[in-house]
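Secondary and tertiary structure notes
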Amino acid sequence: MFKLPDLPYAYDALEPYIDTETMHLHHDKHHATYVKNLNDALVGQDKFLNMTPEELMKSLNQVPADVRMKVRNNGGGHINHTFFWEIMGPKMGGEPTGKVAGAIKSTFGDFAKFTEAFSKAGVGRFGSGWAWLVADGGKLTITDTPNQDNPWMEAVPAGRQGKMPILGIDVWEHAYYLKYKNMRADYIKAWWNVVNWKRVEGLFSKVSK
Ligand code: MN3
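Source: prediction; values computed, not measured.

On a plain count of helices and strands, the protein comes out with nine helices and three strands. The linear arrangement of helices and strands in the protein, starting from the amino end, is α-α-α-α-α-α-β-β-β-α-α-α. In terms of overall dimensions, the protein is globule-like: its C-alpha atoms have a radius of gyration of 17 Å, near the 17 Å expected for 209 residues. Seen along its three principal axes, the alpha-carbon backbone of the protein occupies a region of about 50 × 45 × 30 Å. Evaluated residue by residue, the protein yields a buried proportion of 48% over its 209 residues. Residue pairs in contact within the protein that sit at least 24 positions apart in sequence constitute 70% of those at least 6 positions apart. As displayed, the protein has an accessible area near 10,300 Å², and 54% of this comes from carbon and sulfur atoms. Charged side chains of the protein number 25 positive and 23 negative; the gap between the two group centres comes to 5 Å.

What follows is the structure in structure tokens.
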């Protein structure tokens, strides 16, 4: 069975950038519902229930066709939100240091150009979805996905390590509407203040060896 993880900090820890009420709704209702629906869709399917969320994302083509879309949406919702809570934190933001800072600089020119391109991907994603910073080996790219799709789902070419998201932002309205109303760009601008670059660096170090 998949389990709703606790938030790694208090519900009010990301104030004033992300408000307490949004964090309660987002974690206790939205994320909890993805986990419940995922487990409901896979009742009796121990093979899938015993996978890690990442393994499940890579095995969607083996999931029975009648529940595959449910598993894709709700399994995606589960892994995406678990990841999202972890790449944020209180008293964070600023600029990255270490290897990821070097990779951002060599890929995008400088940090400001990177945040501009990433923010643009988030603002430009039509409807609900996510923007991602993905490490493909040591190489960085910005992508965006609809609904709860994510880079873990992408097929891995033979002999290659998969793409690994190291940063992502939820741009579903439920992530920002209470505080920012329809102003998605304002939410994204504020969100940079809660990015946990230490965590991003840790994820990047794992895939860029
Ligand atoms: Mn969400």
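Now for helix α6 (residues 111-124). Side chains that are three or four residues apart share a direction in an α-helix, a result of its 3.6 residues per turn. Between its terminal C-alpha atoms α6 stretches 20 Å, which fits the 20 Å expected from 14 residues at 1.5 Å a residue. Listing the buried residues of α6 in full gives F111, F114, T115, F118, S119, A121 and G122. All buried residues of α6 project into a common sector of 155° when viewed along the axis, lining one side. When the buried face of α6 is taken as reference, the exposed residues oriented beyond 90 degrees from it are A112, E116, K120 and G124. The inward-facing, buried residues of α6 abut α5 (98-108), β1 (129-136), β2 (139-146), β3 (164-170), α8 (184-191) and α9 (197-207). Regarding α6, its N-cap is D110, as a side-chain oxygen of that residue lies 3.2 Å from the backbone nitrogen of A112 further along.

With that settled, consider the sheet that holds β2. With antiparallel pairing, three strands are arranged side by side in an open sheet as β2-β1-β3. Among the strands making up the open sheet, the edge pair consists of β2 and β3. Put simply, the sheet's adjacent strands are angled 20° from each other on average, direction ignored. Taken strand by strand, α6 contacts β1, β2 and β3, and its axis lies near 140° from that of β1.

Donor atoms from the polypeptide that bind the manganese ion are H26 (NE2), H81 (NE2), D170 (OD) and H174 (NE2), placed at 1.9 to 2.1 Å. In the primary sequence, the donor residues of the manganese ion line up as H-x54-H-x88-D-x3-H. With H81 in helix α4 (residues 65-86) and D170 in strand β3, this residue pair connects regions lying 89 residues apart in the sequence. A residue is classified by how much of its surface remains accessible, and H81, at 0% relative accessible area, is buried.

Take the nonpolar core next. Residues L56, M88, F114, I166, L167 and W191 are the most contacted members of the largest nonpolar core, which totals 62 residues. Residues in contact with M88, not counting those within four places in the same chain, are Y9, L14, I18, W191, V194 and N196.

Conventions adopted
Residues numbered from 1 in each chain as written. Predicted model: local features only at pLDDT ≥ 70, side-chain atom pairs only at ≥ 80, totals over all residues. Heavy atoms only, no water. Helix = DSSP H or I, 4+ residues; strand = E, 2+ residues; numbered from the N terminus. Rg over C-alpha atoms; globule rule 2.2 N^0.38 Å. Buried < 20%, exposed > 50% of the residue type's maximum accessible area, 1.4 Å probe, protein only. Contact = heavy atoms within 4.5 Å. Areas by Shrake-Rupley, 256 points an atom, 1.4 Å probe, with all protein chains shown as cover. Lys, Arg positive; Asp, Glu negative; His and termini not counted. Charge placed at Lys NZ, Arg CZ, Asp CG, Glu CD. Expected span 1.5 Å × (residues − 1). Arc of directions from axis to C-beta. Polar contact = N/O pair within 3.5 Å; in protein donor to acceptor, adjacent residues only side chain to side chain. Pairing = 2+ DSSP bridges. Axes fitted to C-alpha atoms, helices over the stretch in contact; angles between N-to-C directions. Donors = N, O, S within 2.8 Å, 3.2 Å for Na, K, Ca; no water. Core = buried A, V, L, I, M, F, W, Y, C linked by side-chain atoms within 4.5 Å.

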